[in-house]
Amino acid sequence: MSYRIPLSSPDITEAEIAAVTAVLRTNTLSLGRKLDEFEQVFASFHNMPYAVAVSSGTAALHLALLALNIGTGDEVIVPSFTFIAVANAVRYVGATPVFADIDADTLNLDARSVSAAITPRTKAVIVVHTFGVPADMDALLSVTRHHHLAVIEDACEAIGAAYNEQLVGTFADISTFAFYPNKQMTTGEGGMLLTRDAGIADRLRALRNQGRYATDDWLQHSELGYNYRLSELACALGVEQVRRLPSMLAARDEVAAAYDRLLCGMPNVQRPPLSLPNSRVSWFVYVIRLDATCTSADRDQLMASLKRQGIASGRYFAPIHLQPAYADLPGAPTARLDVTEMVAQRTLALPFFNKLSPEQAAEVTNAIAGALGYSA
Ligand SMILES: Cc1ncc(COP(=O)(O)O)c(C=O)c1O
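Residues numbered from 1 in each chain as written. Predicted model: local features only at pLDDT ≥ 70, side-chain atom pairs only at ≥ 80, totals over all residues. Heavy atoms only, no water.

The next thing to look at is the packing of helix α1 (residues 14-24) against helix α8 (residues 232-263). The N-to-C vectors of α1 and α8 enclose an angle of 155°; their axes lie 8 Å apart at closest approach. Taken together, the axes of α1 and α8 are roughly antiparallel relative to one another. Remark: the crossing between α1 and α8 carries right-handed chirality. Each of A15, E16, A19, V20, V23 and L24 in α1 lies in contact with α8, whose residues at this interface are E232, L233, A236, L237, E240, Q241 and R244. Grouping the constituent residues of the contact of α1 with α8 by class yields eight nonpolar, one polar and four charged. (Axes fitted to C-alpha atoms, helices over the stretch in contact; angles between N-to-C directions. Helix = DSSP H or I, 4+ residues; strand = E, 2+ residues; numbered from the N terminus. Parallel < 35°, antiparallel > 145°, perpendicular 65-115°, else oblique. Left-handed = near helix turned anticlockwise from the far one by under 90°. Contact = heavy atoms within 4.5 Å. Nonpolar A, V, L, I, M, F, W, Y, C, P; charged D, E, K, R; others polar.)

Structure below.
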């Protein structure tokens, strides 16, 4: 169904259209100069030596796990309150996702729960910066260093966010980004990995390109690989979006601030923090939480009421360990994740995109006020 006010909307200007059109006038639609340029601008935005572009954030997670040699018999600790690709990627490599609980304020992995989930088989932790809020890297890295675990930072929802003034995606052995159209920047579909390790970067480039090493010719494949390449069209779009990223993030800050002002008189509605100590939020989605007096049925009724008025909203996130696709994974459906389950019943993502006007934001919050019985 199409909504009067959609949940998300990409921000595409004439500059992007011209850049993509220019690629279409060339003879190189894959593995060309735009790929190099996109990787370079992305790496330099993060002040990192190596960026490797791939076809999606999911592909990035898959390759990150392969590059860290994680496989059958290994366990990887992940949040359940996140997008399913995080745990799925662990299963793609034959390893087992082990779910840890989240902090009730940041909605990111709780270091104490991560600690409690560690076993002799644990090889890595995937730290997700959920909804663009940086995870508590000091606490999490202290646990992973103590236990000699690899860290993958999943910054798919958090490009431009910073922790202790350091951009997310620059803390871990490997980090991942995603560019689906609902993200802060888009390439239509797409993803990226960052690393400081030249060997890992080479391996990632080979794995995304059917296992071809830099010295292999087109029909020589040194190891089992994948087609996770990103087209020149997508890379051209990505270059322009990285250029505009600071202004796009600033526009999102304003939309979040507008929602914050409009919702502050509604006591049952918990607003996401506009700022956190030592952190800069990069707004991916704007997710409200109904307070403890509300049930999941109240949240679903609110969602249905918004829908009747042509306003989209989303249940971000349904916990992964309770998904039908995880019913057969030993330990998943019975995992004790109290905060995850409590939060997931009451969260709702509101329409959120760069060009959401103050009038549209007011329309959304008036609809919420009406549905919850406040006078608008
Ligand atoms: C935290 C997180 N990880 C991974 C992904 C997967 O990215 P993609 O949809 O590009 O495969 C997403 C996508 O929404 C995400 O939110």
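Glancing now at the pairing of strand β8 (residues 174-178). Counting buried residues along β8, five of its five residues qualify, which places the element largely inside the surrounding structure. Side chains of β8 alternate between two faces, with I174, T176 and A178 and S175 and F177 buried alike. Across three bridges, the pairing between strand β5 (residues 150-154) and β8 is parallel. In the strand pairing of β8, E153 is matched with S175. Two elements, β8 and strand β9 (residues 191-195), share five bridges in a ladder whose sense is antiparallel. (Buried < 20%, exposed > 50% of the residue type's maximum accessible area, 1.4 Å probe, protein only. Pairing = 2+ DSSP bridges.)

Around the ligand, the surrounding shell holds 15 residues, and the nearest of these are G57, T58, D154, E157 and K183. Between G57 and the ligand, the recorded distance is 2.8 Å, taken from a backbone N or O atom to an oxygen atom. The contact in question runs from a nitrogen atom of the ligand to an N or O atom on the side chain of D154, over 2.7 Å. Contact with the protein chains covers 92% of the free accessible surface of the ligand, which is 390 Å². Top element by residues in the shell around the ligand is helix α3 (residues 57-67). It accounts for three residues. Class assignment of the residues belonging to the shell around the ligand gives a composition of seven nonpolar, five polar and three charged. (Near = heavy atom within 4 Å. Polar contact = N/O pair within 3.5 Å; in protein donor to acceptor, adjacent residues only side chain to side chain. Areas by Shrake-Rupley, 256 points an atom, 1.4 Å probe, with all protein chains shown as cover.)

To continue, consider the domain arrangement of the chain. As assigned here, the chain comprises domain 1 (14-241) and domain 2 (245-372). Distance from the C-alpha centre of domain 1 to the C-alpha centre of domain 2: 25 Å. Listed per partner, the contact involves 39 residues of domain 1 and 33 residues of domain 2. Summed over both partners, the interface of domain 1 with domain 2 buries about 3,100 Å², with 64% contributed by carbon and sulfur atoms. By the criterion of area lost to domain 2, the three top residues of domain 1 are F81, F131 and Q184, representing 22% of everything that side buries. One can count 15 residue pairs in polar contact (both at pLDDT 80 or more) joining domain 1 with domain 2. Within the residue set of the side of domain 1 that touches domain 2, elements represented by two or more residues are α4 (85-92), β3 (96-100) and β6 (162-163). (Domains from an automatic or database assignment. Buried area = accessible area lost by both parts, 1.4 Å probe.)

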